[in-house]
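Take a look at the letters that make up each chain.
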Amino acid sequence: MPYISFMKKRAFITGITGQDGSYLAELLLSKGYEVHGLVRRSSTFNRERIADIYKNLQSTKNIFLHYGDLSDSSNLARLIVKIDPNEIYNLGAQSHVGISFDMPEYTSDVDALGALRLLEAIKESHIKCRFYQASSSEMFGNSRQRIQNEETPFSPRSPYGVAKVFAYLITKNFREAYGLFACNGILFNHESPRRGENFVTKKISRGVAEIALGKKDKIYLGNLNAKRDWGYAPEYVEAMWLMLQQKKPDDYVIATGEAHSVREFAEEAFRCIGIKNWKKYIEIDKRYYRPTEVDSLTGDASKAKKILKWHPKTKFKDLVKIMVEADLNFLKK
């Protein structure tokens, strides 16, 4: 049975300016939350994904941004005491698998120890809040199981996957050792028009839009045979919220149950602009191959469907169309 509060809830989101963080912030604001977000200080003003929030006067009154970093434990502890949130969503991360091979130490510091720093801050401050950890299907790596669920053993194949396994296990440990309400959402790949441009789905959708408008001749990709379970990001952040509304904390796989290759994604994207002979626009670049590849990942979200009453709604072809059309509209402007 979900827990119910009649007071305005406060949520703290790390990674609020990312794809998932921006959609989650919008969802929580629509539910009447006061939303606090962690943003890193940089010389560029990276707020594009949450820009629409500031167009709504009521939403602007209920969102607050705080400078900080998941590598800074003392600042995180101060912020948590200051904000005193009812819910914490740890979405901040170095989230690109390929880049994690180039930056393994940084990836581990932010993705693995960042989760530990937040959990330790919650424990030491004694605040009563619920914690969500953004876990990943990359923890399964080259699993021997064709379809992965909450009981599937982990076998990560990248520094990113290894760091996420640590974060998953330390979240589970704090739940069992200290009684924290802490959940892991094992989310399989989820995309949207807000996806970062160094991710393969965005690289394809943006490249296809540029080709359609005569701005580009080729798209450079790596392994076309890699298969992933791709869902729609706005639906996946709803699952995050649902996990923290339950009576008991637990871990859940969030996925569509269907796997499609990078090749299929590219083919479908070109179909959206009426190009059948799409292969002549694709160039394979060995630089985009990873030292260890993950061949295929497919998730079984039966537990989430049963307990959270969550179901994926957007089909693969519709997802590709949403992304291509969004990039076409953006480039035309």
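Quantities reported herein were computed from a predicted structural model and do not represent experimental measurements.

Trainee: What's the story with the overall build of the protein chain in this structure? I'm lost.
Mentor: Regarding its fold elements, the protein chain presents 11 helices and 13 strands. Against the 2.2 N^0.38 benchmark of 20 Å for 333 residues, the protein chain shows a C-alpha radius of gyration of 20 Å, consistent with a compact globule. In the protein chain, which comprises 333 residues, the proportion classed as buried is 54%. Contacts in the protein chain between residues at least 24 apart in sequence constitute 79% of all its contacts with a sequence separation of at least 6. Side chains of the protein chain give 52 positive and 40 negative charges; the mean places of these two sets differ by 3 Å.

Trainee: I keep staring at the packing of helix 5 (residues 104-125) against helix 6 (residues 159-178) and nothing clicks. Help me out?
Mentor: Geometrically, a packed helix pair is captured by the angle between its two axes and the distance between the axes. Two numbers describe how helix 5 lies on helix 6: the axes approach to 8 Å, and their chain directions differ by 10°. The orientation of helix 5 with respect to helix 6, classified from their angle, is roughly parallel. Listed contacts from helix 6 to Pro 104, Thr 107, Ser 108, Asp 111, Ala 112, Leu 113, Ala 115, Leu 116, Leu 119, Glu 120 and Lys 123 of helix 5 are Pro 159, Tyr 160, Ala 163, Lys 164, Phe 166, Ala 167, Ile 170, Thr 171, Phe 174 and Tyr 178.

Trainee: I would appreciate a short explanation of the environment of Ile 80 in the present structure.
Mentor: Mapped onto the elements, Ile 80 comes out in helix 3 (residues 73-83). Note on Ile 80: relative accessible area 0%, which makes it buried. Measuring from C-alpha to C-alpha, the distance between Ile 80 and Ser 125 comes to 8.0 Å, with 45 residues separating the pair along the chain. If we ignore the near neighbours within four places in the chain, the residues touching Ile 80 are Phe 12, Pro 85, Ile 88, Leu 118, Ala 121, Ile 122, Ser 125 and Ile 127.

Trainee: I keep staring at the packing of helix 7 (residues 200-212) against helix 9 (residues 262-272) and nothing clicks. Help me out?
Mentor: Running from amino to carboxyl end, helix 7 crosses helix 9 at an angle of 25°, the nearest separation of the two axes being 10 Å. If you check the angle between helix 7 and helix 9, you find them roughly parallel. Considering how the two elements wind past one another, helix 7 and helix 9 form a crossing that is right-handed. Residues Val 200, Thr 201, Ile 204, Val 208 and Ile 211 of helix 7 touch helix 9, and the partners they reach there are Val 262, Phe 265, Ala 266, Ala 269 and Phe 270. A class-by-class count of the residues in the contact of helix 7 with helix 9 yields nine nonpolar, one polar and no charged.

Trainee: Please explain the sheet that holds strand 2 (residues 34-39) as it appears in this structure.
Mentor: The strands that make up a sheet pair up through hydrogen bonds in the backbone, lying either parallel or antiparallel. Pairing is parallel in the open sheet, where seven strands are placed in the order 3-2-1-4-5-6-11. Edge positions in the open sheet fall to strand 3 (63-67) and strand 11 (251-254), since each of these has one partner strand only. Sheet twist, expressed as the mean angle between neighbouring strand axes with direction ignored, is 20°. Examined bridge by bridge, strand 5 (residues 130-136) and strand 6 (residues 181-187) share seven bridges and lie parallel to one another. In the strand pairing of strand 6, Phe 131 is matched with Ala 182. Packed onto the sheet, helix 3 meets strand 1 (10-14), strand 2, strand 3 and strand 4 (87-90) and runs at close to 155° relative to strand 3.

Trainee: Please clarify how helix 8 (residues 233-243) should be interpreted in this entry.
Mentor: Since the α-helix turns once every 3.6 residues, residues separated by three or four places project in the same direction. Counted residue by residue, helix 8 has nine buried out of 11 residues, so it is predominantly covered. Ala 233, Glu 235, Tyr 236, Val 237, Ala 239, Met 240, Trp 241, Leu 242 and Met 243 are the residues of helix 8 that are buried.

Trainee: What's the story with the pairing of strand 6 in this structure? I'm lost.
Mentor: Note on strand geometry: in a regular strand, side chains alternate between the two faces of the sheet. Burial runs high along strand 6: seven of the seven residues are buried. Neither face of strand 6 is left uncovered, since the one carrying Phe 181, Cys 183, Gly 185 and Leu 187 and the one carrying Ala 182, Asn 184 and Ile 186 both have all their residues buried. For the handedness criterion, the β-α-β arrangement of strand 5, helix 6 and strand 6 is classed as right-handed.

Trainee: Would you mind going over the pattern of salt bridges with me for this structure?
Mentor: Between side chains of opposite charge, pairing is possible as soon as their charged atoms come close. The final tally for this structure, using the stated rule, is 18 salt bridges. One salt bridge in this structure joins Lys 9 and Glu 87, with 3.7 Å as the shortest N-O distance. Of this pair, Lys 9 sits in the segment before strand 1 while Glu 87 is found in strand 4, placing the two residues 78 residues apart along the sequence. You'll find Lys 9 and Glu 87 in the same group, each marked buried. Each of the salt bridges in this network shares a partner with another, and the network as a whole consists of Glu 197, Lys 202, Arg 206 and Asp 327.

Trainee: How do you make sense of the pairing of strand 4 when you look at a structure like this?
Mentor: Burial along strand 4 is two-sided: Glu 87 and Tyr 89 facing one way and Ile 88 and Asn 90 facing the other are all buried. Strand direction decides the pairing type here: strand 1 and strand 4, joined by four bridges, are parallel. Considered in strand 4, the bridge of Thr 14 is made with Asn 90.

Trainee: Honestly, the packing of aromatic side chains in this entry has me stumped. Any pointers?
Mentor: What describes a pair of aromatic rings is the distance from one ring centre to the other and the angle between the planes of the rings. Scanning the model with the defined rule gives 10 aromatic pairs in all. A ring pair is formed by Phe 154 and Tyr 168, whose centres lie 5.0 Å apart and whose planes are at 85°; its orientation type is edge-to-face. Of the two residues, Phe 154 sits in the loop between strand 5 and helix 6 while Tyr 168 sits in helix 6, which places them 14 residues apart along the sequence. In this structure Phe 154 comes out as partly exposed when scored by relative accessible area, which is 26%. Residue Tyr 168 is classed as buried on the basis of its relative accessible area, which comes to 5%. Considering the side-chain rings of Phe 265 and Phe 316, the 5.9 Å spacing of their centres and the 75° angle between planes classify their relative orientation as edge-to-face. In this pair, Phe 265 is assigned in helix 9 and Phe 316 in helix 11 (residues 316-332), connecting sequence segments 51 residues apart. By relative accessible area, which is 1% here, Phe 265 ends up buried.

The rules behind the values
Note that residues are indexed from 1 along each chain, following the sequence as it is written. For this predicted model, a pLDDT threshold of at least 70 governs which residues receive local features, and a threshold of 80 or more governs which side-chain atom pairs are given and counted, while totals over whole chains, interfaces and linings are taken from all residues. Note: side-chain values were computed over all heavy atoms of the structure, leaving out hydrogens and water. Counting from the N terminus, the helices are DSSP H or I runs at least four residues long and the strands are E runs at least two residues long. Throughout, radius of gyration means the C-alpha value; the globule benchmark is 2.2 Å times the number of residues raised to the power 0.38. The buried label goes to any residue with under 20% of its type's maximum accessible area, the exposed label to any with over 50%, and the partly exposed label to all in between, with areas taken from a 1.4 Å probe on protein chains only. Pairs of residues are marked as contacts when any of their non-hydrogen atoms sit within 4.5 Å. His is not counted, nor are the chain ends; Lys and Arg add positive charge and Asp and Glu add negative charge. Note on charges: their place is set at NZ of Lys, CZ of Arg, CG of Asp or CD of Glu. Here, axes are lines fitted to C-alpha atoms. For helices the fit covers the stretch in contact, and angles between N-to-C directions go from 0 to 180 degrees. Angular relationships are summarised with four words: roughly parallel below 35 degrees, roughly antiparallel beyond 145, roughly perpendicular across 65 to 115, and oblique for the angles in between. A crossing counts as left-handed when the near helix is turned anticlockwise from the far one by less than a right angle, and as right-handed when that turn is clockwise. Throughout, the ten residues Ala, Val, Leu, Ile, Met, Phe, Trp, Tyr, Cys and Pro are labelled nonpolar, Asp, Glu, Lys and Arg are labelled charged, and all others, Gly among them, are labelled polar. In this scheme, strands are said to pair when DSSP sees at least two bridges between them. Crossovers are marked right-handed if the path from the first strand over the helix to the second runs clockwise, as seen with the strands pointing away from the viewer. Between Lys or Arg on one side and Asp or Glu on the other, a salt bridge is scored when a side-chain nitrogen of the former is within 4 Å of a carboxyl oxygen of the latter. Only the six-membered ring of Trp is used, alongside the rings of Phe and Tyr, when aromatic pairs are assigned; centres must lie within 6.5 Å, and planes under 30 degrees apart are stacked while those over 60 apart are edge-to-face, with the rest tilted.

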